[in-house]
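Architecture and fold: a report
Listed below, chain by chain, are the residues.
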Amino acid sequence: NAGVTQTPKFRILKIGQSMTLQCTQDMNHNYMYWYRQDPGMGLKLIYYSVGAGITDKGEVPNGYNVSRSTTEDFPLRLELAAPSQTSVYFCASSYSGNPGPNQPQHFGDGTRLSIL
Amino acid sequence: DQQVKQNSPSLSVQEGRISILNCDYTNSMFDYFLWYKKYPAEGPTFLISISSIKDKNEDGRFTVFLNKSAKHLSLHIVPSQPGDSAVYFCAASAYSGNEKLTFGTGTRLTIIP
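A brief structural summary.

Cut-offs used in this document
- Residues numbered from 1 in each chain as written.
- Chains lettered and ligands numbered in written order.
- Predicted model: local features only at pLDDT ≥ 70, side-chain atom pairs only at ≥ 80, totals over all residues.
- Heavy atoms only, no water.
- Helix = DSSP H or I, 4+ residues; strand = E, 2+ residues; numbered from the N terminus.
- Buried < 20%, exposed > 50% of the residue type's maximum accessible area, 1.4 Å probe, protein only.
- Contact = heavy atoms within 4.5 Å.
- Areas by Shrake-Rupley, 256 points an atom, 1.4 Å probe, with all protein chains shown as cover.
- Lys, Arg positive; Asp, Glu negative; His and termini not counted.
- Charge placed at Lys NZ, Arg CZ, Asp CG, Glu CD.
- Core = buried A, V, L, I, M, F, W, Y, C linked by side-chain atoms within 4.5 Å.
- Patch = residues over 30% accessible without salt bridge, like charges linked within 9 Å, V, L, I, M, F, W, Y side chains within 5 Å.
- Salt bridge = Lys/Arg side-chain N within 4 Å of Asp/Glu carboxyl O.
- Polar contact = N/O pair within 3.5 Å; in protein donor to acceptor, adjacent residues only side chain to side chain.
- Phe/Tyr/Trp six-rings, centres within 6.5 Å; stacked < 30°, edge-to-face > 60°.
- Pairing = 2+ DSSP bridges.

Observations concerning the overall build of chain B
Counting its regular elements, chain B contains 0 helices and 11 strands. Reading chain B from its N end, one meets helices and strands in the order β-β-β-β-β-β-β-β-β-β-β. The proportion of buried residues among the 113 residues of chain B is 45%. Considering only contacts within chain B whose residues lie at least 6 apart along the sequence, 55% involve residues at least 24 apart. Carbon and sulfur atoms make up 49% of the accessible area of chain B, which totals about 5,400 Å². The centroid of the 11 positive side-chain charges in chain B is displaced by 3 Å from the centroid of its 10 negative side-chain charges.

In structure tokens:
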């Protein structure tokens with residue numbers, strides 16, 4: 001059981017370039033999330049989705065876009081990469097929105113992104 | 001505004017002793033709290049959680065205590081083992097249908113053999 005898979009694991013971008021961070025889950029979870037973690041900081045929610053075709057902004061959505069065309073996939077797109085977007089990005093999924101004891105968010109191993 | 005605070009960036013504990021990790025929150029709407037553990041180059045993994053209707057939840061070597069009046073929770077690990085060396089994140093949610101978690105900045109726990 002793969003869980004949440006993120007690709008790529010590492011990427012270096014030049015300022016102004018664009019890229020898509022891929023995230024797929026095989027647990028048939030309805031809810032999916034994108035977080036970023038800056039050094040010495042906690043995870044901050046970028047976008048989330050409660051199901052296919054439905055997305056909503058989190059705490060730090062500026063500079064990012066998402067789509068959710070299937071239950072399994074939740075890609076995160078950076079259109080014009082900026083140095084402030086250098087971070088580690090985590091994708092997560094959960095069965096429902098209520099974080100009950102049997103329904104925690106499951107995380108991928110992250111994508112380390114550097115913008116130079 | 002940091003709504004979930006972990007004021008100790010790091011903690012070192014001898015193997016076999018108790019590890020106590022602390023977390024404070026400011027938002028009185030939070031009513032569900034979770035601890036996640038993170039190893040280097042991996043994503044966070046869920047460890048234990050507690051609802052605001054309880055003041056203690058235990059799972060093996062891990063116990064979480066919640067003091068609602070002080071807006072404080074703590075994670076106790078007894079006995080501490082070398083494999084417990086990791087970064088621990090406290091997270092909080094307004095449980096009633098709110099799918100967003102607010103994370104603390106983490107505490108790096110090092111278990112000394």
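Still to come is the rest of the account.
Side note on the nonpolar core
All names here are of chain B. Phe33, Trp35, Leu73, Leu75 and Tyr88 are the most contacted members of the largest nonpolar core, which has 23 residues in total. Counting only elements with at least two residues in this core, the list comes to β3 (19-25), β4 (32-38), β5 (45-51), β7 (62-67), β8 (72-77), β9 (86-93) and β11 (107-112). Ranked by residue count, the leading element in this core is β9, at 4 residues. Excluding residues that lie within four positions of it along the chain, Leu75 makes contacts with Ser19, Ile20, Leu21, Trp35, Leu47, Ile48, Phe62, Thr63 and Tyr88.

Some points on a nonpolar patch on the surface
Residue and element names in this part refer to chain B. Together, Ile18, Ile20 and Val78 line one region of the surface with nonpolar side chains, adding up to about 230 Å² of accessible area. With respect to the helices and strands, the residue Ile20 is situated in strand β3. Look at Ile20 and you get partly exposed, because its relative accessible area is 36%.

Details of the side chain of His29 of chain A
Residues and elements named next belong to chain A. The residue His29 is located in the loop between β3 (19-25) and β4 (31-37) in this model. A polar atom in the side chain of His29 sits 2.8 Å from the side chain of Ser93. In contact with His29, other than residues within four places in its own chain, are Arg68, Thr71, Ser93, Ser94, Tyr95 and His106.

Quick look at the packing of aromatic side chains
Two numbers describe a pair of aromatic rings. These are the distance of the centres and the angle of the planes. All told, the structure shown has 11 aromatic pairs over all chains when counted by the stated rule. Residues Tyr35 of chain A and Phe107 of chain A carry aromatic rings whose centres are separated by 5.5 Å and whose planes lie at 40 degrees to one another, so their mutual orientation is tilted. Residue Tyr35 of chain A is located in strand β4, and its partner Phe107 of chain A is located in strand β10 (residues 106-107); the two are separated by 72 residues in the primary sequence. Each member of the pair Tyr35 of chain A and Phe107 of chain A is classed as buried. Through a chain of ring-to-ring contacts, the aromatic side chains of Tyr33, Tyr35 and Phe107 of chain A together with Tyr36, Phe46, Phe89 and Phe103 of chain B assemble into a single cluster.

Section: the pattern of salt bridges
For the structure shown, the criterion picks out 6 salt bridges over all chains. Here Arg36 of chain A ties to Asp38 of chain A by a salt bridge, and the two come within 2.9 Å at their closest N and O atoms. The partner of Lys44 of chain A in a salt bridge is Glu59 of chain A, with the nearest N and O atoms 3.7 Å apart. You can see Lys44 of chain A sitting in strand β5 (residues 43-51) and its partner Glu59 of chain A sitting in the loop between β6 (54-57) and β7 (64-66), a full 15 residues away along the chain. Within this structure, Lys37, Arg61 and Asp84 of chain B form a network of salt bridges that share partners.

Remarks on the sheet that holds β7 of chain B
If you trace the 5 strands from one edge of the open sheet to the other, you get β1-β3-β8-β7-β6 (chain B), paired in antiparallel fashion. The outermost strands of the open sheet, each flanked by one partner alone, are β1 (4-5) and β6 (56-59) of chain B.

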